[in-house]
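Residue-level structure breakdown
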Amino acid sequence: MPSFDVVSRADNQEIDNAISNSMKEVGQRYDFKGSISKIDRKDNQIILHSEDEAKAKQVLELLIGHVVKRSLDPKVIKFKSSESASGNSIRQIFDIIEGIDQETSKSITKKIKDSKLKIQAKIQGNELRISSQKRDNLQEAISLIKEMKLDLPLQFVNMRD
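Quick look at the structure, then. Note that this is a predicted model, so its numbers are computed, not measured.

**Some points on the pattern of salt bridges**
Across all of its chains, the model carries eight salt bridges by this definition. Residue aspartate 5 pairs with arginine 129 through a salt bridge whose shortest N-O separation is 2.5 Å. Here aspartate 5 is found in strand β1 (residues 3–7), whereas its partner arginine 129 is found in strand β7 (residues 127–132), with 124 residues between them in sequence. According to the relative accessible area criterion, aspartate 5 is buried, its value standing at 4%. With its nearest N and O atoms 2.7 Å apart, the salt bridge here joins glutamate 83 to arginine 91. With relative accessibility at 33%, the residue glutamate 83 sits in the partly exposed group. The exposure class of arginine 91 is partly exposed, given its relative accessible area of 27%.

Here it is in structure tokens:
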């Protein structure tokens, strides 16, 4: 029976490359001369440290630009919190999205079941397995999921016949 998996994964190596390219550009730009702006990654978090909101916003735009250049979906980075740091600086924390949460999984399976197509959707941890008797139904399932316009970067992998 044909099937595929719906997953949400971020390539950590590509994220590290985007961070290092962003830091290189921050070091070369004239408007960041003498700035303490920097980006670090720890586990599944990106920590942006800068003097003020304006510089933090510019550094974030640089990072997102480099993430897009590395063929990653910019939705992979989600804002978590902002706090004041030492020396009148600001620290912003962003989460790197990994996996599909239960609520989103349930809404996807509900949408597929409401479509009245002969498709089965099973939640397997933080991913979904979609299966059907016909490949055409699987392609319709992909288009249904894409129409939902979710806040997650979804990939359709592991297609089997």
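Okay, back to it.
**What about the sheet that holds strand β2 (residues 38–42)?**
One key point about sheets: their strands pair by backbone hydrogen bonds, in either a parallel or an antiparallel sense. With antiparallel pairing, four strands are arranged side by side in an open sheet as β2-β3-β5-β4. This sheet does not close on itself; its edge strands, each paired only once, are β2 and β4 (77–85). Sheet twist, expressed as the average angle between the axes of neighbouring strands with direction ignored, equals 20 degrees. Where β4 meets strand β5 (residues 89–96), eight bridges bridge the pair, whose relative direction is antiparallel. By the bridge assignment for β5, lysine 78 is matched with aspartate 95. Set on the sheet, helix α1 (residues 12–28) makes contact with β2, β3 (45–50) and β5; between it and β2 the angle comes to about 165 degrees.

**Description of the side chain of serine 22**
Here serine 22 is to be found in helix α1. The contact partners of serine 22, leaving out residues within four places of it in the chain, are Ile39, Leu62, Leu63 and His66.

**Section: the side chain of threonine 104**
Relative to the helices and strands, threonine 104 is located in helix α3 (residues 102–114). Exposure remark for threonine 104: the relative accessible area of 14% places this residue in the buried category. The contacts of threonine 104, once residues within four sequence positions are left out, are Leu150 and Leu152.

**Some thoughts on unusual backbone geometry**
Although it is not a glycine, serine 71 adopts a positive phi angle of roughly 65 degrees. Along the polypeptide, serine 71 turns up in the loop between α2 (53–69) and β4. Classification of serine 71 by relative accessible area gives exposed; the value is 69%. In this structure, lysine 149 is a non-glycine residue whose phi angle is positive, near 50 degrees. Summarising the element assignment, lysine 149 is placed in the loop between α4 (135–147) and β8 (155–160).

**Looking at the packing of aromatic side chains**
In total, this model carries two aromatic pairs according to the counting rule given. For the ring pair phenylalanine 4 and phenylalanine 156, a centre distance of 6.0 Å and an interplane angle of 75 degrees mean the geometry is edge-to-face. In this pair, phenylalanine 4 sits in strand β1 while phenylalanine 156 sits in strand β8, placing the two residues 152 residues apart along the sequence.

Rules used throughout
- Residues numbered from 1 in each chain as written.
- Predicted model: local features only at pLDDT ≥ 70, side-chain atom pairs only at ≥ 80, totals over all residues.
- Heavy atoms only, no water.
- Salt bridge = Lys/Arg side-chain N within 4 Å of Asp/Glu carboxyl O.
- Helix = DSSP H or I, 4+ residues; strand = E, 2+ residues; numbered from the N terminus.
- Buried < 20%, exposed > 50% of the residue type's maximum accessible area, 1.4 Å probe, protein only.
- Pairing = 2+ DSSP bridges.
- Axes fitted to C-alpha atoms, helices over the stretch in contact; angles between N-to-C directions.
- Contact = heavy atoms within 4.5 Å.
- Phe/Tyr/Trp six-rings, centres within 6.5 Å; stacked < 30°, edge-to-face > 60°.

Remember, this is a structural readout, not a statement about activity or role.
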